[in-house]
Amino acid sequence: MRQVTYDDFEKVEIHIGKIIKVEEFPKAKKPAYKLWIDFGDLGIKKSSAQITKLYKQEELINRLILAVTNFPPRQVADFISEVLVLGVVLDGGEVVLIQPDRDVAVGKRIL
């Protein structure tokens, strides 16, 4: 495993967001949802997330998540994904979202 320094880690901005809108994404190559996520002062950002195996759309609304907010935007089919939602990838390819264990303000940075 390649090691990185703490200075490297500080360059990656991970923030708390709240999912406010979810849509199916049939044009994605792999099953995914389109997410709109509120990051407080950072604004509302969009993400394509391959989390359809374990989550229904209605379960995701108002869920707090962690996301990398300073990667460049990425085109996924006809959708621009602006942030990377973080999750644990299980052996079967399912993704379990990472979330705080307490209610915290959206936009807060993770260190």
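Residues numbered from 1 in each chain as written. Predicted model: local features only at pLDDT ≥ 70, side-chain atom pairs only at ≥ 80, totals over all residues. Heavy atoms only, no water.

> If you had to explain the overall build of the chain to someone new, which residues and values would you point to?
The helix and strand inventory of the chain stands at 2 helices and 10 strands. Start at the N end of the chain and walk to the C end: the helices and strands fall as α-β-β-β-α-β-β-β-β-β-β-β. In summary, the chain has a C-alpha radius of gyration of 14 Å against a globular reference of 13 Å for 111 residues, a match within 12%. Summarising its shape, the C-alpha atoms of the chain cover approximately 40 × 35 × 25 Å along the three principal directions. Taken across its 111 residues, the chain has 30% of its residues classed as buried. In the chain, once contacts between residues fewer than 6 apart in sequence are set aside, the share between residues at least 24 apart is 58%. Entry remark: accessible area of the chain is about 7500 Å², with carbon and sulfur atoms responsible for 51%. Side chains of the chain carry 17 positive and 16 negative charges; the gap between the two charge centres is 4 Å. (Helix = DSSP H or I, 4+ residues; strand = E, 2+ residues; numbered from the N terminus. Rg over C-alpha atoms; globule rule 2.2 N^0.38 Å. Buried < 20%, exposed > 50% of the residue type's maximum accessible area, 1.4 Å probe, protein only. Contact = heavy atoms within 4.5 Å. Areas by Shrake-Rupley, 256 points an atom, 1.4 Å probe, with all protein chains shown as cover. Lys, Arg positive; Asp, Glu negative; His and termini not counted. Charge placed at Lys NZ, Arg CZ, Asp CG, Glu CD.)

> Break down the environment of I80 for me, citing the residues and quoting the values.
Among the secondary structure elements, I80 is positioned in strand β6 (residues 79-81). Here I80 falls in the partly exposed class, since its relative accessible area comes to 33%. The residues contacting I80, other than those within four sequence positions of it, are K46, P73, R74 and Q75.

> Mind laying out the packing of aromatic side chains, listing which residues take part and the relevant values?
In this structure the tally under the stated criterion is 3 aromatic pairs. Measuring from centroid to centroid gives 5.6 Å for F25 and F79, while their planes differ by 65°, and the two rings are edge-to-face. With F25 in the loop between β1 (14-24) and β2 (33-38) and F79 in strand β6, this pair connects stretches of sequence that are 54 residues apart. Accessibility classification places F25 together with F79 in one group, the buried group. Judged by centre distance (5.7 Å) and plane angle (75°), the ring pair of W36 and F79 falls under edge-to-face. Of the two residues, W36 sits in strand β2 while F79 sits in strand β6, which places them 43 residues apart along the sequence. Here the two residues W36 and F79 agree in accessibility, since each one is buried. Through a chain of ring-to-ring contacts, the aromatic side chains of F25, W36 and F79 assemble into a single cluster. Above the ring of W36, the side-chain terminus of K21 is found at 4.4 Å from the ring centroid. Directly above the ring of F79 sits K46, whose terminal nitrogen or CZ lies 5.2 Å from the centroid. (Phe/Tyr/Trp six-rings, centres within 6.5 Å; stacked < 30°, edge-to-face > 60°. Lys NZ or Arg CZ within 6 Å of the ring centre and 35° of its normal.)

> Account for the side chain of S81, with residues named and values stated.
Relative to the helices and strands, S81 is located in strand β6. For S81, a relative accessible area of 9% translates into the label buried. When near neighbours in sequence (up to four residues on either side) are disregarded, S81 contacts K46, S47, S48, P73, R74 and V76.

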